[in-house]
Amino acid sequence: MILVTGATGTVGGAVLARLRADGVPATALTRSPEKADLPPGTRVVGGDLGVPESLPPALDGIDSVFLMSPGHCKAIHDANLVKAAADAGVKRIVQLSSAGVAEAEESGQDNALAAWHRDAEDALRASSLEWTILRPGEFMSNALAWAGSISADGTAATPAPDLVQAPIDPADIAAVAVEALCGHGHAGKTYDLSGPEQLSAAGQIAVLGEVLNRDIEVRRVSLAQHRAAMLRKHPEETVAGVLESLEQALAWPGNVRAECVPTVSEVLGRPAATFREWAVRHAPAFS
């Protein structure tokens, strides 16, 4: 039995769906099982990574865990789960981290976002559990933030239209996670993950325009405007950490890990999805 945290999110949801499709017994962990919008028949247990005493019942009978927690409490939440999992006799954890950890290590320019993920990684590595750590860069699904404005008036706002990255399809992250959870030879590995091509935000918007067959205007916004938009969805501490990382990327774009790495194809035996392929699959969201 595999426990999936973040099961209502982008990557966790894809992990859960892939496990179910493969016939692997899986349980979704959520703070509010009665409110979780999950497929019918999904086994759901309640638990809060911020409340350690809520975790032991959720880990009863669990062999492996997909560990994903976002935001400024990541290090604390991941450490809580790791300790509870070790106490419960869990064998293996696959943890979702961030390429920002390697960027900070290589550039010597630390930031809060990198520190949250690095501390979370350290807690897992220091445990007695088998572990695999996934470090993806930008998610292709971040483009869904433009869906409302593209649909409404054909615009897409970004504070960094020219910043080049190698965005990855969350479905590919999930596929690597499932292979690490269910396969062999992944223990003790830290996998850098990227898509197969370098694209700026403006480049992604151009691809979306081609797929949707419509003109989309790239609208540059200030960091202050971007901050205000983020605060409508995320806690202030999380927003501050994300913006610190973005400000560093804009000041020193060479520190951003934009190279395309072959990990997805090496682990899965197939190519990673392109942004165009992702856009075609998700075109209805922009209608």
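Before reading further, recall that the structure is shown in the block above.
Residues numbered from 1 in each chain as written. Predicted model: local features only at pLDDT ≥ 70, side-chain atom pairs only at ≥ 80, totals over all residues. Heavy atoms only, no water.

**Some words on the overall build of the protein chain**
Put simply, the test is: We count a stretch as a helix when DSSP gives it H or I for four or more residues in a row; a strand needs E for two or more, and each element gets its number in order from the N terminus. Taken over C-alpha atoms, the radius of gyration is set against a globule rule of 2.2 Å times the number of residues to the power 0.38. Only protein chains enter the accessibility calculation, which uses a 1.4 Å probe; a residue is then buried when its area is under 20% of its type maximum, exposed when over 50%, and partly exposed in between. By the convention used here, residues are in contact when the closest approach between their heavy atoms is within 4.5 Å. For the accessible areas, the method is Shrake-Rupley and the probe is 1.4 Å, while residue cover comes only from the protein chains on display.
Secondary structure assignment for the protein chain yields twelve helices and eleven strands. Taking 2.2 N^0.38 as the reference for a compact globule, 287 residues should give roughly 19 Å; the C-alpha atoms of the protein chain span a radius of gyration of 19 Å, in line with that estimate. Within the protein chain, the proportion of its 287 residues that are buried is 49%. Sequence separation of at least 24 residues holds for 76% of the intrachain contacts in the protein chain that already meet a minimum separation of 6. Here the protein chain has roughly 13000 Å² of accessible surface; of this, 51% comes from carbon and sulfur atoms.

**Focus: unusual backbone geometry**
Even without glycine at this site, asparagine 213 takes up a positive phi of about 60°. Tracing the backbone shows asparagine 213 in the loop between helix 8 (201–212) and strand 11 (217–220). A relative accessible area of 71% means that asparagine 213 is categorised as exposed.

**Let's talk about the nonpolar core**
Just so we agree on the cut-off: To define a nonpolar core, start from buried Ala, Val, Leu, Ile, Met, Phe, Trp, Tyr and Cys residues and group those joined through side-chain atoms within 4.5 Å.
Among the nonpolar cores identified, the biggest contains 28 residues, and Val4, Val15, Phe66, Leu134, Ile173 and Leu193 are the most heavily contacted of them. For this core, the secondary-structure elements that each account for two or more residues are strand 1 (2–4), helix 1 (10–21), strand 2 (26–30), strand 5 (92–96), helix 7 (170–182), strand 9 (189–193) and helix 11 (263–268). Here the element with the most residues in this core is helix 7; it accounts for seven residues. When neighbours within four sequence positions are excluded, valine 4 is seen to be in contact with Gly12, Val15, Leu16, Leu19, Thr27, Ala28, Leu29 and Phe66. Listed in part, the 20 residues of the second largest apolar core include Leu55, Leu67, Val90 and Ile133.

Function-wise, these values are silent; they only describe arrangement.
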